[in-house]
Amino acid sequence: MTGITLRVDDSDGTTKTTVTAQNAEKVEALKGEMDHGEVVLSREAWSDVDDVLERRTDHLVVDEPTSADPYFSGRFDDDKRGDGTVTVSIAGYERDSKDAQPTGANVVYQNVTDSSVVGDLLDLVPTLEAGTVETLATNLSMSFSYAEPSKANRDTAEATGAELRYNYDQTVDYVDRRGSDRPEVVLSPESQTIVGSLEITEDAREEVTHIRGFGAQSGPDQVTAEAVADSYDGGKQIWRKYENKDIQETSRLQRIIDQMVDEYDGEPRHLEVKASVAGVDVDVGDRVTVQIPREGIDRTLRVMKRRSILGTAGAVLELVLSNRLLTRSNSGRQNRKDLQRFNRGYQGFVDRAQITSGWNPAGDGTPQELVVVNWPDDIVEEHDVTLAVQGRAWRSPVTPLSHSHSVSISSHSHGFEIDIPEHEHGIDLGQHSHSYDLYAPSHGHATSTINMQTDEAEGHDHPYLDNVPNDTVTGATVTEETTGGGGDIETTTGGGGGVFEETTTSGGGGTSTTTGSETPLSPEITDVFDGSRFYPNDVTVSVNGSVVGTIAGDDSSSWTETIDLEGELTSGLNTITATPDSRGELNLSLSSELFRRGRSE
């Protein structure tokens, strides 16, 4: 069979029928619309196709006689009847990605490679496979809520500046750049490579210096970012605005507007040309030279959109060429995207936070405490809630310096008169003395010595004295030497380590004097006490009084351990405590990553 044909293949690739087509065309775009094709059949040919076509699963393949590769391939989209003909619309294989199962309600990626995100999204589409998938970002943060894999892939590409291509063999490429530089291709009326209509659709100078980006939510909760052109060094500012309510992460928004401001800065003159060309074959993404002398245009532009019309006389190309990709204006398409965005799902944002208690001593029943003042009540999912507990040795901010005291005590005596009835001993011993211990309760002295004078000694008892031998006592004198007394105290002290004197006057007339200095303190961080360090271990962690786990710690060195607190905190005020079995110092740090709905309007 010669000429243009339409082939119907089943899901296994088996050809069900092939018919002749009158003409065909396809439209491919670097960014924006999904690729699509059309083929015109006679009614009889369409009848043959319609009899076998399974619209949901079959493949429609348009072939041309001059190439072994398909001219276009995809899924049935629509058919329109005219005068004796039927125009069959074919959607590119991005349709499979659009029709596939959406993502979950809240899929969050944090600091991952973009290629891993694309891989996960392609896994949702069983009829497609990864082709060339490059890694352009290693710390990408993205979130999706019931997003079509097609849209999610486009959002990822927008965040990184990548470009997507859905191939006819049902593979998907995610690359830094489609097409190639084609300096040998010159498009101009003089070279007759531009034929038919020629239209300059945009020619304006936009020396943009600043871009403000707006993401999800509104008011104080709205995700925002700003970008400044590298060439801006002061003076007049020219601002532009970028809005996308799907963006929940500031880092993603920042990536996009940074690329936009770079494009503005590198191409302050926005130029866009629409032309029909012949005698050349260029692909979407190629860079070629465009020369239009009467308009003063002689520069390299890139193919943004390509419409190929295949008829009996060969192919005619209609191209849209531009020097900008990211900052091209397309208000109609943007309005349609916004309408689709607000008609499905909910809006939300990723909230990341970290708070810390600071170091404090803990132990002996006293916990370290971290108060979370206002835990949100609009959390859709707790992606991460981690408490880091750090332990270190008990420490003091000062060290006491050495000091001394001197003590002097003056002797004094007390006189006691003891009335003992006259009696005699049978043995005359002559005058002698005894020493006895006596406790004088009115003075509270620690030591007393009693000297007693006796005339005679013979067996008898002394009811008023302790441990008096059996002898006769005609008189007694008590002399008391003491280390202190119970008299009045007067104290004088000097500040800042000065000398002080303390005087105590006892009831017997003696004095006790202590001299010395106040203890001076030296600023110095020390964690050694009597040769030992004290580290906290076996730390019990509680939230609002309920134990959630225990951290072992280390009783011989500083340490850091974490505990998962997802689902443990409640909206409003929360108190987290960490109580160690042994004393030491603790610091508590709570980090969280929450997907939140935000306040309702």
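**Q** Can you walk me through the environment of glycine 82 in this structure?
**A** Relative to the assigned elements, glycine 82 resides in the loop between β6 (72-81) and β7 (85-91). Taking relative accessible area as the criterion, glycine 82 reaches 32% and is therefore assigned partly exposed. Note: C-alpha distance between glycine 82 and serine 42 (40 residues apart in sequence) is 9.6 Å.

**Q** Is there a simple way to explain the sheet that holds strand β9 (residues 129-133) in this structure?
**A** Strands in a sheet are paired, the pairing made by backbone hydrogen bonds, and the direction either parallel or antiparallel. If you trace the three strands from one edge of the open sheet to the other, you get β9-β12-β11, paired in mixed fashion. Edge positions in the sheet fall to β9 and β11 (163-166), since each of these pairs with one other strand and no more. Neighbour-to-neighbour, the strand axes of this sheet turn through a mean angle of 20°, independent of strand direction. Across the face of the sheet, helix α4 (residues 149-160) comes into contact with β11 and β12 (171-175) while running at roughly 145° to β11.

**Q** Looking at this structure, how should I read helix α3 (residues 114-123)?
**A** For an α-helix, 3.6 residues make a turn, and residues three or four places apart therefore share a direction. When α3 is considered as a whole, its buried residues turn out to be Asp114, Ser115, Val117, Val118, Leu121 and Leu122. What you see down the axis of α3 is that its buried residues fit within an arc of 160°, all on one side.

**Q** Would you take a moment to explain the pattern of salt bridges for this structure?
**A** Two side chains with opposite charge may pair up if their charged atoms get near one another. Under the criterion given, the structure shown has 34 salt bridges. Its salt-bridge partner being lysine 16, residue aspartate 58 comes within 2.8 Å of it at the nearest N-O pair. On the criterion of sequence distance, the pair formed by aspartate 58 in the loop between α1 (43-52) and β5 (59-63) and lysine 16 in strand β2 (residues 15-20) is long-range, its members being 42 residues apart. Given the relative accessible area of 2%, aspartate 58 is considered buried. Look at lysine 16 and you get partly exposed, because its relative accessible area is 35%.

Cut-off values and rules
- Residues numbered from 1 in each chain as written.
- Predicted model: local features only at pLDDT ≥ 70, side-chain atom pairs only at ≥ 80, totals over all residues.
- Heavy atoms only, no water.
- Helix = DSSP H or I, 4+ residues; strand = E, 2+ residues; numbered from the N terminus.
- Buried < 20%, exposed > 50% of the residue type's maximum accessible area, 1.4 Å probe, protein only.
- Pairing = 2+ DSSP bridges.
- Axes fitted to C-alpha atoms, helices over the stretch in contact; angles between N-to-C directions.
- Contact = heavy atoms within 4.5 Å.
- Arc of directions from axis to C-beta.
- Salt bridge = Lys/Arg side-chain N within 4 Å of Asp/Glu carboxyl O.

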